[in-house]
Number of protein chains: 2
Amino acid sequence: MESRCENCIVRQFNSLRAMSKEELKKVSDSKVTKTIKKGEPLFQEGEKLNGVFCVRNGVSKLSKLSANGKDQIVKLASKGEVIGQRSVIAEESTNLSAVAVNDMEVCFIPKESINHTLQKNPNFTLEVLRHMAHDLKEADDVIVNISQKTVKQRIAEAFLYLKNNFGEDKDGFLALTLSREDISNVVGTATESAIRIISEFKKKGYLHTSGKKIAIKDERKLKEIVEGF
Amino acid sequence: MESRCENCIVRQFNSLRAMSKEELKKVSDSKVTKTIKKGEPLFQEGEKLNGVFCVRNGVSKLSKLSANGKDQIVKLASKGEVIGQRSVIAEESTNLSAVAVNDMEVCFIPKESINHTLQKNPNFTLEVLRHMAHDLKEADDVIVNISQKTVKQRIAEAFLYLKNNFGEDKDGFLALTLSREDISNVVGTATESAIRIISEFKKKGYLHTSGKKIAIKDERKLKEIVEGF
DNA sequence: AAATATACCTGATAAAAGTCATATTTTTAG
DNA sequence: CTAAAAATATGACTTTTATCAGGTATATTT
């Protein structure tokens, strides 16, 4: 519980690794470790954030509510990722909500502990910038995918993404289990449409399910679908 | 032609304002001013960029080619905006193509002139970071819009966007004239669908056209459409 | 000014995706 | 363990959007 950032493995994956010892000590002293249960929010769209969240365990969905009441999931953040940076940096309220997809352990880092480093340590700022540049590229890709691919293609792609980014358990099921509704919100479609296509994939033998858990049985075929046959 | 960055008004709008006098002098000495004619590319998706482009005049469309051969326009960059930053910062080839929508005047700034400042002047880096944070937020909004709104809503929104960001000429026509194909590529739809909806808007008296030029006649109504009646 | 190309427009049709209604299964809570 | 709730599933139908095919108008070039 009271572990130090200096020893946190998770730090290897994010911009905190560009901090000096003293800077990191300050972060470590001010951080608060929190446990968030599946389904609970880290924060809601429109809130002002007083800091960022560093994910130690679990996965959070970052989503935005549309006018018609549907959530669009924009990103799934897992171990090592820092959530809320954009809002803290731009000094704006968040444009996204963050909700735990499974039980999470996160460290809350007050923005004061970061702002100083952001203004004084260009290595750190540059590192944060690189991460954001990466996020922006991914967002561009999502835009193109959503507007140019069919729902079937996007769903096939979503499963490949889940496998590549979160892996599989010992039985071959996707390690990250999303509800059909979450899948439809990632893909940007109606829940019924997502369910229908998943059923079709099952019938055709590309997927296999057990309760909520889903396993990819024919990865090659899913890839072909993504490419458009 | 040989004007100095120090005196360039455009600089007020972008991150270059956070540079020191000496840094700015270096940029000014190494920059190359270029004229790009309507339809000509600044760079193509996949290219390695040796620097960034600062827009002095005109508008560039930033787009990404999808598997089915259609372009998706991700951003329209105009006076004061810096193009290519993402790629230079991440040290990757560009994920987007940039093509002039009308005649442009841009300054090419070699990456060497920027990288040093990026590593040494945290104010500058932070300023770039803030701009990128803003771009990322906009990208998130585009994702939600494309996935949750109908083509009709998105087209109505596109015209409001064009008015707000590029203004109108003395006759009330949108100052930035886009082809129907470009409009469809902004909105993420088939060209015929865009044309059809524009025709409908004309018939209903929301828009008025003269050649390629388009004027908004009933802004309130367009706003209502965006909101979903 | 004629010839060519390009952009714009429209109708007919097909395909894709959304909506509504209603089962059925799975999960959760008592 | 059982009842209730939530999630998943599927059918029937509607709406939205894409595609194809053929026009007309508008630029551009010669």
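Presented here is an overview of the structure given in this document. (Residues numbered from 1 in each chain as written. Chains lettered and ligands numbered in written order. Predicted model: local features only at pLDDT ≥ 70, side-chain atom pairs only at ≥ 80, totals over all residues. Heavy atoms only, no water.)

1. Topic: the relation of the copies chain A and chain B
Put simply, the rule reads: Least-squares superposition of the copies uses the C-alpha atoms of those residues scoring a pLDDT of at least 70 in each of them. Should any heavy atoms of two residues lie within 4.5 Å, those residues are counted as being in contact.
Rotating chain A by 180° and moving it 0.0 Å along the rotation axis overlays it on chain B with an RMSD of 0.0 Å. Overall, the copies show the geometry of a two-fold rotation axis. Across chain A, the rotation axis passes nearest the C-alpha of P122(A), at a separation of 2.3 Å. When the interface residues of chain A are mapped onto chain B, 100% of them are again interface residues, pointing to one common binding face.

2. Notes on the side chain of N121(A)
All names here are of chain A. This is how it is decided: Helix and strand definitions follow DSSP, with helices as H or I runs of at least four residues and strands as E runs of at least two, each counted in order from the N terminus. Any N or O atom pair separated by 3.5 Å or less is treated as a polar contact, with the protein-specific requirement of one donor-capable and one acceptor-capable atom, and with residues adjacent in sequence counted only for side-chain atom pairs.
Checked against the element boundaries, N121 lands in the loop between α3 (112-120) and α4 (122-148). Here the side chain of N121 touches E23 through a polar contact of 2.9 Å, side chain to side chain. Look past the residues within four positions of N121 in its chain and what remains in contact with it is A18, M19, S20 and E23.

3. Overview of helix α6 (residues 180-187) of chain B
All names here are of chain B. Convention followed: Accessible area is worked out with a 1.4 Å probe on protein chains only. A residue is then buried under 20% of its type maximum, exposed over 50%, and partly exposed in between.
Looking at α6, one finds that the buried residues are D182, I183, S184, N185 and V187. The elements touched by buried residues of α6 are β4 (60-65), β5 (71-77), α4 (122-148), α5 (151-166), α7 (191-203) and β10 (213-216). In the segment just after α6, G188 is the residue with positive phi, at about 80°.

4. Some points on the protein's contact with DNA strand D
To keep it simple, the criterion reads: Here a residue counts as near a molecule or strand whenever at least one of its heavy atoms sits within 4 Å of it.
Around DNA strand D, the structure places 17 residues, and the nearest of them are S199(A), K202(A), V151(B), T189(B) and S193(B). In DNA strand D, atoms within 4 Å of the protein come from the sugar-phosphate backbone in 60% of cases. Interatomic distance of 3.1 Å between a side-chain N/O atom of R196(A) and a base oxygen of DNA strand D. Contact between DNA strand D and S193(B): a phosphate oxygen at 2.8 Å from a side-chain N or O atom of the residue. Contributions of two or more residues to the surface near DNA strand D are made by α6 (180-187) and α7 (191-203) of chain A together with α7 of chain B.

5. Points about the interface of chain A and chain B
Stated precisely, the cut-off is as follows: Here's the idea: put two parts together, see how much 1.4 Å probe accessible area each one loses, and the total over both is what we call buried area. By definition, a salt bridge exists where a carboxyl oxygen of Asp or Glu is found within 4 Å of a side-chain nitrogen of Lys or Arg. Throughout this entry, Asp, Glu, Lys and Arg are counted as charged residues, while Ala, Val, Leu, Ile, Met, Phe, Trp, Tyr, Cys and Pro are counted as nonpolar. The remaining residues, Gly among them, count as polar.
Taken together, the contact between chain A and chain B spans 39 residues of the former and 39 residues of the latter. When the buried surface of chain A facing chain B is broken down by residue, L129(A), I143(A) and Q148(A) rank first, second and third, together holding 17% of it. In this structure, the connection of chain A to chain B is made through six salt bridges. Across the contact surface, chain A and chain B share 16 residue pairs in polar contact (both at pLDDT 80 or more). If you list the elements that add at least two residues to the side of chain A that touches chain B, you get β5 (71-77), α2 (85-90), α3 and α4 of chain A. Here the element with the most residues in the side of chain A that touches chain B is α4(A); it accounts for 21 residues. For the side of chain A that touches chain B, a count of residues per class yields 17 nonpolar, 10 polar and 12 charged.

6. Observations concerning the protein's contact with DNA strand C
Looking at DNA strand C, there are 17 residues lining it, with V151(A), T189(A), S193(A), R180(B) and S199(B) nearest. Take R180(B): an N or O atom from its side chain is 2.8 Å from a phosphate oxygen of DNA strand C. Listing elements by their share of the surface near DNA strand C, those giving two or more residues are α7 of chain A together with α7 of chain B. Taken together, the residues that form the surface near DNA strand C break down as three nonpolar, six polar and eight charged.

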